Amino acid sequence: MTICPIPDDDRCLSTHLPPANPDYKKLVWTPIRPMGHSIRVRDFTCPYQSISYELCDYGGESFIRRTRRHGDAFFVDEAARGRRAITTAMWEQLCSGDAR
């Protein structure tokens, strides 16, 4: 898998997460569950970073998907699977630096 280089100017329009706050909430990350191909990505962070996140919907549930890249390998896991309102609140915490 080839990761595109980070643009050296303001061409990247994706969300860039701030550093985690000192007392950030630690999300529980689990291996991603097998599912169909109809996952809807509602929001995402910059894919040029070594760790990126996606806010997803699938089968009446929402979850946050995390992709970690190490060289040519990548690892995908998920957190906050459940009701949309709760997962969206955790996504907002993630995007503000209050969760990781």
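To be clear, the structure that these remarks concern was listed above.
Fair warning: this is a prediction, and the values are worked out from it, not measured in the lab.

(A) Inspection of helix α1 (residues 84-96) at higher detail. Taking 1.5 Å as the rise per residue, α1 with 13 residues should run 18 Å; its terminal C-alpha atoms sit 18 Å apart, in good agreement. Taken residue by residue, α1 has Thr87, Thr88, Met90, Trp91 and Leu94 as its buried positions. Seen end-on, α1 carries its buried residues on one side only, within an arc spanning 160°. Facing away from the buried surface of α1 by more than 90 degrees, the exposed residues are Ala85 and Glu92.

(B) Main features of the pairing of strand β2 (residues 40-44). In this sheet, strand β3 (residues 51-58) lies alongside β2 in antiparallel orientation, the contact comprising four bridges. By the bridge assignment for β3, Phe44 is matched with Glu54. Connecting β2 to the next strand, β3, in antiparallel fashion are six residues.

(C) Focus on unusual backbone geometry. With phi around 60°, Ala80 is a residue other than glycine that occupies positive phi space. As for its position among the elements, Ala80 is in strand β5 (residues 73-82).

(D) Main features of the pattern of salt bridges. Within this structure, the stated rule accounts for nine salt bridges. Two residues, Arg81 and Glu61, come together in a salt bridge whose shortest N-O distance is 3.1 Å. Residue Arg81 is located in strand β5, and its partner Glu61 is located in strand β4 (residues 61-70); the two are separated by 20 residues in the primary sequence. Its relative accessible area of 30% is what places Glu61 among the partly exposed residues. For the salt bridge of Arg66 with Asp77, the shortest nitrogen-to-oxygen distance reads 2.6 Å. With Arg66 in strand β4 and Asp77 in strand β5, the pair connects residues that are 11 residues apart, well separated along the chain. Relative accessible area serves as the criterion here: at 14%, Arg66 is assigned to the buried category. With relative accessibility at 6%, the residue Asp77 sits in the buried group.

Calculation criteria
Residue positions are counted from 1 within each chain, in the order its sequence is given. Whole-chain, interface and lining totals are the exception, using all residues; otherwise, since this is a predicted model, local features are given only for residues with pLDDT of at least 70 and side-chain atom pairs are given and counted only at 80 or more. Side-chain measures here rest on the full set of heavy atoms in the structure, leaving out hydrogens and waters. Numbering of helices and strands starts at the N terminus; helices are DSSP runs of H or I of at least 4 residues and strands are runs of E of at least 2. How far a helix is expected to stretch is found by multiplying one less than its residue total by 1.5 Å. For the exposure calls, accessible area comes from a 1.4 Å probe over protein chains only, and a residue counts as buried if that area is under 20% of its type's maximum, exposed if over 50%, partly exposed in between. To obtain the arc, one takes the directions from the helix axis to the C-beta atoms. When DSSP finds two or more bridges between two strands, those strands count as paired. Any carboxyl oxygen of Asp or Glu that lies within 4 Å of a side-chain nitrogen of Lys or Arg is treated as forming a salt bridge with it.

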